[in-house]
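Observations on the model geometry
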Amino acid sequence: KKLVKGGRDTGKTIDLVVDITHYSFVNANKSVLMATPQKAHYSKVIKTIKKQIRHTPHLANYMWFETDDAGDIDLMFYNGSVVMFRQGFPDGEKFRSLDADKIDADESAYFSERARNALDGCLRSDGDGLLSELSSPDGRRVTEFYKNSHSDSYKVYTWHRSLNPNWDEALEARLIEKHG
């Protein structure tokens, strides 16, 4: 299990895109659940993947998006693997009955308790059992994300906001003024 606590604009989405596409390319017939609290969160991931396809057109021969009648979006791979994009709002209904070999939960600090419980049931017991959580810490100490960030069962990575490629003294001063 992996947990990334990262400030805004530190590269969490890029890391996530590389992780899910690499996993899906090198592992045939696997399912990845890309779970986010809101559709707007996974839309950013989809836009990043589409940008990569635009800049590397031959990728379109190996991966493509499909949308079902319910509006759920899947990223299909030539080798039978799939990335399922689902939102957890309000109570994780879109997670129910899904089975995944790997779960990537973006902005996981913002899942409701009911959505989090539904998400936990999606990881296949006979699958790879891979779980990655990424989020900007929000200071709340009662979330599963916070508890997991202090659990020995997770490898925790902390990416300070100063990793932002646009970091400079002016940005630092604005953040100190705003947040103390």
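We now turn to the structure provided with this report. Owing to the predicted nature of the structure, the values given are computational and were not obtained by experimental measurement. (Residues numbered from 1 in each chain as written. Predicted model: local features only at pLDDT ≥ 70, side-chain atom pairs only at ≥ 80, totals over all residues. Heavy atoms only, no water.)

Among the surface-exposed residues, Tyr62, Trp64 and Tyr78 lie close enough to one another that they form a single nonpolar patch of about 310 Å² accessible area. Mapping Tyr62 onto the fold places it in the loop between helix H2 (39–55) and strand E3 (63–67). (Patch = residues over 30% accessible without salt bridge, like charges linked within 9 Å, V, L, I, M, F, W, Y side chains within 5 Å. Areas by Shrake-Rupley, 256 points an atom, 1.4 Å probe, with all protein chains shown as cover. Salt bridge = Lys/Arg side-chain N within 4 Å of Asp/Glu carboxyl O. Helix = DSSP H or I, 4+ residues; strand = E, 2+ residues; numbered from the N terminus.)

Before going further, it helps to spend a moment on the pattern of salt bridges. Across all of its chains, the model carries 13 salt bridges by this definition. In this structure, Lys102 and Asp104 form a salt bridge, with 3.1 Å as the shortest nitrogen-oxygen distance. Here Lys102 falls in the buried class, since its relative accessible area comes to 3%. In this structure, Arg116 engages Asp120 in a salt bridge whose closest nitrogen and oxygen atoms are separated by 3.3 Å. Of this pair, Arg116 and Asp120 both sit in helix H3 (residues 113–120), four residues apart, which is roughly one turn of that helix. Given a relative accessible area of 6%, Arg116 falls into the buried group. (Buried < 20%, exposed > 50% of the residue type's maximum accessible area, 1.4 Å probe, protein only.)

For Pro37, the position within the fold is in the loop between strand E2 (31–36) and H2. Since its relative accessible area comes to 5%, Pro37 is described here as buried. If near-sequence neighbours (up to four positions away) are discounted, Pro37 is found in contact with Gln87, Gly88, Phe89, Asp106, Glu107, Tyr110 and Phe111. (Contact = heavy atoms within 4.5 Å.)

Right, let's get into the side chain of Arg86. Residue position: Arg86 is located in strand E5 (residues 82–87). Arg86 sits in the buried class, given a relative accessible area of 7%.

The strand order E3-E4-E5-E2-E6-E7-E1-E8 describes an open sheet built from eight strands, whose pairing is mixed. The outermost strands of the open sheet, each flanked by one partner alone, are E3 and strand E8 (155–159). Neighbour to neighbour, the strand axes of the sheet diverge by 15° on average, direction disregarded. Where strand E1 (residues 2–6) lies against strand E7 (residues 130–135), four bridges are found, and the strand directions are parallel. Across the sheet, residue Lys2 finds its bridge partner in E7, namely Ser132. (Pairing = 2+ DSSP bridges. Axes fitted to C-alpha atoms, helices over the stretch in contact; angles between N-to-C directions.)

Take the pairing of E2 next. Within E2, six of the six residues are buried, leaving the element largely enclosed by the surrounding structure. In E2, alternate side chains face the same way, and those of Ser31, Leu33 and Ala35 on one face and Val32, Met34 and Thr36 on the other are all buried. Relative to E5, E2 is paired through six bridges, and the arrangement is parallel. Paired with Thr36 across the two strands is Gln87, which belongs to E5. Sheet analysis places E2 next to strand E6 (residues 102–106), joined by four bridges and oriented parallel.

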